[in-house]
Amino acid sequence: MKIKWVDNTHALGVFSSEAAALHALSICHPLLKTRALSEGSKKAQGKAIRRAEFIQPVKERPRTDCAVAKRMVTRALVINYSSRVGCYGLLAPQFT
């Protein structure tokens, strides 16, 4: 989610999916009023039009798993592991 302030009391929110936006619109909070951009103030609509690149959907974070995390850590630490152990197992580093 990205937030762009229009003024001291109004902000625009951009979500990664329609489902996320609908969920945000359904939130009931005493200090927060949510509505679609089409129902927003003229100032908010104008800012959204002037900042067209801002209202592009947020890219969702890619899913990660143990293998991806292990590979990222290994590359970051430049460590070669001697054996393949499961995600929650102990890994013995082998320095070369």
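Going by the structure above, here's the rest.
Note that the structure is a prediction, hence the values are computed from the model and not measured.

About the cut-offs
Residues numbered from 1 in each chain as written. Predicted model: local features only at pLDDT ≥ 70, side-chain atom pairs only at ≥ 80, totals over all residues. Heavy atoms only, no water. Helix = DSSP H or I, 4+ residues; strand = E, 2+ residues; numbered from the N terminus. Buried < 20%, exposed > 50% of the residue type's maximum accessible area, 1.4 Å probe, protein only. Contact = heavy atoms within 4.5 Å. Areas by Shrake-Rupley, 256 points an atom, 1.4 Å probe, with all protein chains shown as cover. 1 Å grid on protein atoms, 1.4 Å probe; cavity = no way out; pocket = protein on both sides within 12 Å on 5 of 7 lines; lining within 4 Å. Points joined across faces, edges and corners; volume = space filled by probe spheres on them. Nonpolar A, V, L, I, M, F, W, Y, C, P; charged D, E, K, R; others polar. Expected span 1.5 Å × (residues − 1).

(A) Main features of the overall build of the chain. Scanning the chain from terminus to terminus reveals three helices and four strands. Helices (α) and strands (β) of the chain occur, in sequence order from the N terminus, as β-β-α-α-α-β-β. Here the chain, with 96 residues, has 12% of them falling under the buried criterion. The long-range fraction of contacts in the chain, counting pairs at least 24 apart against all pairs at least 6 apart in sequence, stands at 41%. Within the structure as shown, the chain displays about 8200 Å² of accessible surface, and the carbon and sulfur contribution to it stands at 58%.

(B) Spatial organisation of the layout of surface pockets. In this structure, the largest pocket encloses a volume near 980 Å³. What lines the largest pocket is a set of 29 residues, and nearest its centre among them are Ala-11, Leu-12, Gly-13, Thr-34 and Arg-35. For the lining of the largest pocket, the elements supplying multiple residues, two or more each, are β1 (2–5), β2 (11–14), α1 (18–26) and α2 (42–50). If one sorts the elements of the lining of the largest pocket by residue count, α1 sits on top with five residues. Across the lining of the largest pocket, the residue classes break down as 19 nonpolar, seven polar and three charged.

(C) View of helix α3 (residues 66–77). With twelve residues, α3 should reach 16 Å at 1.5 Å per residue; the first-to-last C-alpha distance of 16 Å fits that figure. Following α3 by one or two positions, Val-78 adopts a phi angle in the positive range, close to 50 degrees.

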